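# Descriptive structure summary
Now for the letters of each chain:
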Amino acid sequence: MTSNHLKTYLLESNANLKPLFYEIVKQCERQNIRYDKHLVTFVMNLLSLDPQFEIYMETLSADRRNHDDFVKECVQRLSEDRSPALITLKMQLYFLENFFNRDEVVEKHMRNLQLKTAHLLKEITENDVITKDEQEEIFNKIIIDIVLHMGLGSPDNKEVINETMKALNSVMSRSDKAKFVTLDKKDRLLALKDIREIVCGIRIFNKHAGNSTNGMSDLPRVLDQSHDSTKSILQITLCEIMDKVNLLTSALNSSIAYDLRNRTIVTLLPENISSDDLDNLKDLLVMYRQHEVYTRKLIDELALIKFNIDTCNQEYNSKLIKIHESVQYRTAIPTDRVFPKFSELTRIWLQFQNYIYLLSEINQISNTLTNLTERCLSFDDLAYRLLGECQIHTDVDRLNKTKGKRLLMGVENACEVVAYSPGMKIELLKFCVWHLAEANGVLMPGNTDMGVCQHQKDFYAFNIPEAAIFFDEDPDKYIFKVVTLARKKIQLVAFLDIFYKVQTAYNSHSREVFRLKAPVTCEQQIQTELHPVPSNIDRQYRWNIWDLRREAIELTNLRMKRTSSSQTAKVKQTQVYLPKNQGTQTKVNRATETEERRPRIKKPETAPSPLQVYSMTVEDFSSATMSRIK
């Protein structure tokens, strides 16, 4: 399980356990026990994995006796302030919370810098400028802003301010300055960002060209010195850790004997050594092994940072050479081709500063871990008494004892021996699972050169070839013993990275019902259906009751109103107007239009007007006269 999963499961407080959390804090205050709330949560989450308390992280037992036992156990663990077990838990908690992501560290320092210069930036971008004195004041503040953001020296140093002012004046003319103060806030921020990069690039170039060296650090040289110093400190710390590890491992190894016939390990203690003393030495070995793991992680991170620093150095020198060639012919090359090169040089300069922050973070983590281990009680005298006349061996010496041997398999063949490859993940941090289970927590490094044993999808290493035969007979038996040990020694959960196994075995109280089943997977392809479930979308559905209430109020108000001319969409009944009786309007004739032939319209029989009667009489008289003439 990765550190992100451990953060999720072990560092976050569980709402179900809050009553017990307050009870533990109260008990610690009564007994004057120093506690940290994050450490209390961490210990609670680890102890809740023990089924004897019946309060796993998702549930909470109703038995008050279990609650009292759980609270008592947590308080007891927290009270042992200088014990190796609690110091190991503190180291794990600190490392899980503070082991950095490089981007997060850089972002954190950028936020801190922005907070420090927020007031200055506000005055530059938001103040209105009217007079010439106000304009000069704004650009004095811009100079201080450039020095602070780009790490060009101390703003209290007059030489640093003068050099930055000269670089700014070479970039901006009077008309450019007058135009800058007329911009709005957004445009000023964008312009200020470009000004910072160009001015910083000019100062960097001037320094390497020998024109000025006032107040400005040589970051590539500082980085090399910081890297060498950090690497030296980590190596010295690792050597001191391994001296302790070799002493404790040799002492514990001298106290055990192999009973291969009965497939077990026998503990042989001198008269002046008790079983509690032996447990303290085992816990002490776990603490130093945990410190070793974290120190090696820091060394690996330092090596990656060194690689990035060397890459930036090559790019940095290349940019300087190109700018030098361009500046020699500045009269022939426009500034819009020179200034971007200064900006690129500044970006590399800022990366150097980011690596300084990262080196500082590594040093801080290493110092904190070392300070934690120094608080532990000293058990050197006890370790030498247990060691007796035996010699101190290193891990390499132990591995050389089994050099050239191969793991053996039994008749059952529940497991398979495979060759070790560098990319292979070995369970339990490559410690021998048989020694952990049978010697009750003795950490003995396994020899992967003999091969590794594959059980389901996990790989295990062993210290002696015969241990693989015993493991092959019943793998779940030994894994369950390690899980049972981790329930009691909770610092082993994060150290051996077995949270998943302990969590899965929560309901298992014996090896007969304990089975860690690997997920069954196979390689196959599948065509995903476009719409496997028919969609049924109700457009009138309202999930918010207040939407329904508002709609009901609108409809209620609408019923009290009268619609006059317009038809509203909210009315549920349809409103229509009957068609009106309309007459036909005839077209007006003009001189250019031909007369249309209209159908005769039979007029209703009514009494003729006097003019019509007269017209008809004349017409009849004329007809009669013409007939007589004929």
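Please read all numbers here as calculations on a predicted model, not as lab measurements.

### A word on the overall build of the chain
The helix and strand tally for the chain stands at 23 helices and 5 strands. Taking all 630 residues of the chain together, the buried fraction comes to 40%. Long-range contacts, defined as pairs at least 24 residues apart, comprise 75% of the intrachain contacts of the chain with a sequence gap of at least 6. As displayed, the chain offers around 39,400 Å² of accessible surface, 51% of which is attributable to carbon and sulfur atoms.

### A closer look at the side chain of Lys 207
With respect to the secondary-structure elements, Lys 207 resides in helix α11 (residues 185-209). This buried residue, Lys 207, is left without a salt bridge; Asp 218 holds the nearest opposite charge, at 5.8 Å. Within polar-contact distance, the side chain of Lys 207 engages the backbone oxygen of Met 216 at 3.3 Å.

### Describing the nonpolar core
If you look at the biggest cluster of nonpolar residues, it comprises 150 residues, and the most contacted ones within it are Ile 24 and Phe 462. Considering every element that reaches this core, the biggest residue donor is helix α13 (residues 275-328), with 16 residues. When neighbours within four sequence positions are excluded, Ile 24 is seen to be in contact with Val 40, Met 44, Phe 70, Val 71, Cys 74, Val 75 and Leu 78. Of all hydrophobic cores here, the second largest spans 6 residues; its members include Val 418, Met 424, Ile 426 and Phe 459.

### Overview of the side chain of His 291
On the secondary structure map, His 291 appears in helix α13. Not counting chain neighbours up to four residues away, the residues in contact with His 291 comprise Met 91, Thr 237, Ile 241, Leu 369, Thr 370 and Thr 373.

### Points about helix α8 (residues 132-150)
Compared with an ideal rise of 1.5 Å per residue, which puts 19 residues at 27 Å, α8 spans 27 Å between its outermost C-alpha atoms and is within 8% of the ideal. Of the positions making up α8, those classed as buried are Gln 135, Ile 138, Phe 139, Lys 141, Ile 142, Ile 143, Asp 145, Ile 146, Val 147, His 149 and Met 150. Downstream of α8 by a residue or two, Gly 151 has a phi angle that is positive, lying close to 65 degrees.

### Comments concerning the pattern of salt bridges
A full pass over the atoms with the stated rule returns 28 salt bridges. We note a salt bridge from Glu 438 to Lys 481, for which the minimum N-O separation is 2.9 Å. Taken together, the residues span a long stretch of sequence, with Glu 438 in helix α17 (residues 433-438) and Lys 481 in helix α19 (residues 475-488) at a distance of 43 residues. Take Glu 438: its relative accessible area is 14%, and that puts it in the buried class. The exposure class of Lys 481 is partly exposed, given its relative accessible area of 31%. Within this structure, Arg 289, Glu 292, Arg 296, Asp 395 and Arg 398 form a network of salt bridges that share partners.

### Quick notes on the state of the cysteines
All chains considered together, the criterion is met by 0 disulfides. Looking at Cys 74, it has no disulfide partner, and the nearest cysteine sulfur is the one in Cys 28, 8.8 Å off.

### Observations regarding the packing of α8 against α11
When two helices pack together, their arrangement is given by the angle between the helix axes and by the axis-to-axis distance. For the pair α8 and α11, the least separation of the axes is 10 Å and the interaxial angle reads 70 degrees. With respect to α11, the axis of α8 lies roughly perpendicular. α11 is crossed by α8, and the crossing has right-handed handedness. Of the residues in α11, those in contact with Ile 142, Asp 145, Ile 146, His 149 and Met 150 of α8 are Leu 192, Ile 195, Arg 196, Glu 197, Val 199 and Cys 200. Along the lines of polarity and charge, the residues of the contact of α8 with α11 split into 7 nonpolar, 1 polar and 3 charged.

How each quantity is defined
- Residues numbered from 1 in each chain as written.
- Predicted model: local features only at pLDDT ≥ 70, side-chain atom pairs only at ≥ 80, totals over all residues.
- Heavy atoms only, no water.
- Helix = DSSP H or I, 4+ residues; strand = E, 2+ residues; numbered from the N terminus.
- Buried < 20%, exposed > 50% of the residue type's maximum accessible area, 1.4 Å probe, protein only.
- Contact = heavy atoms within 4.5 Å.
- Areas by Shrake-Rupley, 256 points an atom, 1.4 Å probe, with all protein chains shown as cover.
- Lys, Arg positive; Asp, Glu negative; His and termini not counted.
- Salt bridge = Lys/Arg side-chain N within 4 Å of Asp/Glu carboxyl O.
- Polar contact = N/O pair within 3.5 Å; in protein donor to acceptor, adjacent residues only side chain to side chain.
- Core = buried A, V, L, I, M, F, W, Y, C linked by side-chain atoms within 4.5 Å.
- Expected span 1.5 Å × (residues − 1).
- Disulfide = S-S within 2.5 Å.
- Axes fitted to C-alpha atoms, helices over the stretch in contact; angles between N-to-C directions.
- Parallel < 35°, antiparallel > 145°, perpendicular 65-115°, else oblique.
- Left-handed = near helix turned anticlockwise from the far one by under 90°.
- Nonpolar A, V, L, I, M, F, W, Y, C, P; charged D, E, K, R; others polar.

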